[in-house]
Amino acid sequence: MSENKVRVRFAPSPTGPLHIGGVRTCLYNYLFAKKYGGDLLLRIEDTDSQRFVPGAEEYIIEAFKWLGITFDEGVGVGGENGPYRQSERRDIYKKYVQQLLDAGLAYYAFDTPEELEEKRKEIANFQYDSRTRMQGVNSLTLPAEEVKRRIENGDKYVVRIKIEPDEDVEVDDMVRGKVVINSNVLDDKVLYKSADELPTYHLANIVDDHLMKITHVIRGEEWLPSAPLHVLLYRYLGWADTMPRFAHLPLLLKPEGNGKLSKRDGDRLGFPVFPLQWTDPATGAISSGYRESGYLPEAVVNFLALLGWNPGTDQEMFSMEELIQLFSIERVSKSGARFNYEKGTWFNHEYLIKKSDDEVAELFMPFLKEKGYECEKSRLTYIVSLVKERVSFIKDLWEQTSYFFEAPTEYDEKSLKKRWKPESPQMLTELMEVLDGIADYSKVAENEQLVLDWVASKEYNLGTVMNSFRITLVGAAKGPHIFNIIDILGKEETLARVKRALEVIK
RNA sequence: GGCGGAUUAGUGUAGUGGCCUAGCACGGAGCUCUCUCACGGCUCAGACUCGGGUUCGAUUCCCGGAUCCGCUACCA
């Protein structure tokens, strides 16, 4: 392993199902890592014991497995830089908290949440920082013995970083360039809380990234404001020279209206915002997932990849391999991308028609079974070949093929009005004789010619004959080539349907 | 409110100080193919947030406004 091997991480919190935005973040990390022959790690950031949701971790692992995104190291994979769950790294963090404390770069604070809440109410724009910390109850204002006594007494405390004022902190972002923030607007963030003996995100994140030799931090834009704090933390801990490069990704926005994409949008507009279906363990509420909604994983990956990035060419369809080759952080856009699920549907359609008829038939099988029908594979493949390009999702195939399995019981009003003529019954009655004379229905072209010749000889209107015929078979003026339909239905069924329609349609 | 980020058609985006009559895709409209419905093909409508600069020239560079997004927790 070379010294400067690219190492990136995806570090979700197990607070519920993984949001589709998180999926994209991980995808970009994956593409970046693979492009440079590096590693992608999965780290679970469960430092918020309050919000832990059982099953979330398994969900995350399963989701990426489905999408074809693999981890080289981390939870579920293992590796030499573990453990990869922050809740299992308590002792590690304590050591570095102590280091900061000893160096005078952090301090103990005993202010209760209520007291702080009070201050926020009293003072506009209150924040715990160089201007206000001397009014707080902390190791900067309390005598050393008192601090010691309180700690030994088991009083709850937090450790806060001591931010020095009047300093311009620079973050060199790979997407946005240099971002400068003055330390005056930063507050003395809580780094560690004695209540659960766990660090907060900021500290744990920096310690882990350093220990796990992370070279590039690619994360959502919501982290940009705290990036200066992270830079300072690297400096305080003495790791400035190995600090990773940062890249803050644009956010995914609602399809319409204001704000970032949320679960509610999916419910409202009828598209999933999660990769897999999720059942809330507390309420039992079900959130739909891309997988269960019939999306193909490669379509989801392709769609997501292009939401905030493009290779600069007109190409839109990419395999994972192509994405890996073409991906570059420099070409990630800076502004938030509205989530347009219709484009996602289109991608799915494209991937669906790219699949072989055989494969699509295989995928359709379970849906057919659900409807109560069995179908021989070769026959289903034939059916699929006729209608595949009409649908965007596997499950929509039923709507396009149901008449192959169940004879129409009613006939579409509009189709009848437009296509069923007074002379239709007479024509069809005669057509039945012609059809009866055909021995092999699989000779599609031949049979078509035969019927066409017959129509011509009778000087009938071709449209009227064919459309009337179609309605009796399908129940409406829709569907693929009619001679393929009767090939699939067979002579007996074809004639039965025509006969029946002639009795029913008045 | 404070701080930061962003701003090309409805959406995702390309692009550039003059080559821009601003390209592509989704979506929309129409035409076409056809026994029908789709698919496909063709065509059309539709955008550089506004105001100041800089410049011979700005969509492109600078400043300001507006709008949107994010952060502002003992959440990540």
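Just so we're clear, the structure is a prediction, and the values are computed from it rather than from any experiment. (Residues numbered from 1 in each chain as written. Chains lettered and ligands numbered in written order. Predicted model: local features only at pLDDT ≥ 70, side-chain atom pairs only at ≥ 80, totals over all residues. Heavy atoms only, no water.)

J.: Go over the overall build of chain A with me, naming the residues and quoting the values.
T.: Secondary structure assignment for chain A yields 20 helices and 15 strands. Principal-axis analysis of the C-alpha atoms places the extent of chain A at approximately 110 × 50 × 35 Å. Counting only residues that meet the buried cut, chain A has 51% of its 506 residues in that class. When contacts within chain A are restricted to residue pairs at least 6 apart in sequence, those whose partners lie at least 24 apart make up 72%. Here chain A has roughly 24200 Å² of accessible surface; of this, 49% comes from carbon and sulfur atoms. Put simply, chain A has 66 plus and 81 minus side-chain charges, and the middle of one group is 2 Å from the middle of the other. (Helix = DSSP H or I, 4+ residues; strand = E, 2+ residues; numbered from the N terminus. Buried < 20%, exposed > 50% of the residue type's maximum accessible area, 1.4 Å probe, protein only. Contact = heavy atoms within 4.5 Å. Areas by Shrake-Rupley, 256 points an atom, 1.4 Å probe, with all protein chains shown as cover. Lys, Arg positive; Asp, Glu negative; His and termini not counted. Charge placed at Lys NZ, Arg CZ, Asp CG, Glu CD.)

J.: Go over the packing of helix α13 (residues 377–387) against helix α14 (residues 397–405) with me, naming the residues and quoting the values.
T.: Two numbers describe how α13 lies on α14: the axes approach to 10 Å, and their chain directions differ by 125 degrees. Taken together, the axes of α13 and α14 lie oblique to each other. Once α13 is placed against α14, the crossing between them reads as right-handed. Residues Arg-379, Leu-380, Ile-383, Leu-386 and Val-387 of α13 lie in contact with α14, whose contacting residues are Leu-397, Gln-400, Thr-401, Phe-404 and Phe-405. (Axes fitted to C-alpha atoms, helices over the stretch in contact; angles between N-to-C directions. Parallel < 35°, antiparallel > 145°, perpendicular 65-115°, else oblique. Left-handed = near helix turned anticlockwise from the far one by under 90°.)

J.: An account of the packing of aromatic side chains is requested, with residue identities and associated values reported.
T.: Under the criterion given, the structure shown has 24 aromatic pairs. When the centroid spacing of 5.8 Å and the interplanar angle of 20 degrees are considered together, the rings of Tyr-373 and Trp-398 count as stacked. In this pair, Tyr-373 sits in the loop between α12 (357–370) and α13 while Trp-398 sits in helix α14, placing the two residues 25 residues apart along the sequence. Among the residues examined, Tyr-373 registers a relative accessible area of 24% and is labelled partly exposed. Taken together, the ring pairs in this structure connect Phe-271, Phe-303, Phe-339, Tyr-341, Trp-346 and Phe-347 into an aromatic cluster. The positively charged end of Arg-150 is found above the aromatic ring belonging to Phe-110, 5.2 Å away from the centroid. Positioned above the aromatic ring of Tyr-128 is the side chain of Arg-160, whose terminal nitrogen or guanidinium carbon lies 3.9 Å from the ring centre. (Phe/Tyr/Trp six-rings, centres within 6.5 Å; stacked < 30°, edge-to-face > 60°. Lys NZ or Arg CZ within 6 Å of the ring centre and 35° of its normal.)

J.: Kindly report on the protein's contact with RNA strand B, identifying the contributing residues and their values.
T.: Neighbouring RNA strand B are 56 residues; Glu-316, Arg-390, Asn-467, Ala-477 and His-481 lie closest to it. Each atom of RNA strand B within 4 Å of the protein was assigned to sugar, phosphate or base; sugar and phosphate come to 73%. Within the side chain of Glu-45, a nitrogen or oxygen atom sits 3.0 Å from a sugar or linking oxygen of RNA strand B. Contact between RNA strand B and Thr-47: a phosphate oxygen at 2.9 Å from a side-chain N or O atom of the residue. Contributing elements (two or more residues each) for the surface near RNA strand B: α4 (113–122), β5 (158–161), β8 (190–193), β15 (337–338), α11 (341–354) and α18 (462–474). Per-class residue counts for the surface near RNA strand B are 18 nonpolar, 15 polar and 23 charged. (Near = heavy atom within 4 Å. Polar contact = N/O pair within 3.5 Å; in protein donor to acceptor, adjacent residues only side chain to side chain. Nonpolar A, V, L, I, M, F, W, Y, C, P; charged D, E, K, R; others polar.)

J.: Pulling in residues and values, what's your account of the pairing of strand β1 (residues 7–10)?
T.: Here β1 shows no split at all, with Arg-7 and Arg-9 on one side and Val-8 and Phe-10 on the other all buried. Where β1 meets strand β2 (residues 39–42), four bridges bridge the pair, whose relative direction is parallel. The partner of Phe-10 across the bridge, within β2, is Leu-42. At this point the chain moves from β1, through helix α1 (residues 20–35), to the parallel β2, and the crossover so formed is right-handed. (Pairing = 2+ DSSP bridges. Right-handed = clockwise from strand over helix to strand, strands pointing away.)

J.: Describe the environment of Arg-500, and please don't skip the residues or the numbers.
T.: Locating Arg-500 in the fold gives a position in helix α20 (residues 491–504). Counting along the chain gives 177 residues from Arg-500 to Leu-323, while the straight-line C-alpha distance between them is 55 Å. When sequence neighbours within four positions are dropped, the list of residues in contact with Arg-500 reads Pro-408, Thr-409 and Tyr-411.

J.: Pulling in residues and values, what's your account of the sheet that holds β5?
T.: Ordered in space as β4-β5-β8-β9, the four strands form an open sheet in which the pairing is antiparallel. Each having just a single partner strand, β4 (106–109) and β9 (198–199) make up the two edges of the open sheet. Packing against the sheet, helix α3 (residues 90–102) makes contact with β4, β5, β8 and β9, and its axis sits at approximately 105 degrees to β4.

J.: Describe the pattern of salt bridges, listing the residues and the values that go with them.
T.: Side chains carrying opposite charge are able to pair once their charged atoms draw close together. Counting across every chain of the model gives 37 salt bridges. Look at the salt bridges and you will find they share partners, linking Arg-9, Arg-43, Glu-45, Arg-89, Asp-208 and Asp-209 into a network. (Salt bridge = Lys/Arg side-chain N within 4 Å of Asp/Glu carboxyl O.)

J.: Quick rundown of helix α16 (residues 424–436)? Include the residues and the values.
T.: Structural remark: α-helix, 3.6 residues per turn; residues separated by three or four positions point the same way. In this model α16 runs 18 Å from its N-terminal to its C-terminal C-alpha over 13 residues, within 8% of the 18 Å that 1.5 Å per residue would give. Here α16 has its buried residues at Ser-424, Met-427, Leu-428, Glu-430, Leu-431, Met-432, Val-434 and Leu-435. (Expected span 1.5 Å × (residues − 1).)

J.: Explain the nonpolar core residue by residue, including any values.
T.: In terms of nonpolar packing, the biggest core is built from 152 residues, with Phe-64 and Phe-339 touching the most fellow members. Residue contacts for Phe-339: discarding those within four places in its chain leaves Ile-20, Leu-252, Leu-253, Lys-254, Pro-255, Leu-261, Phe-271, Tyr-290, Phe-303, Leu-304 and Leu-307. Ala-109, Leu-116, Phe-126 and Val-158 belong to the second-largest nonpolar core, a separate cluster that totals six residues. (Core = buried A, V, L, I, M, F, W, Y, C linked by side-chain atoms within 4.5 Å.)

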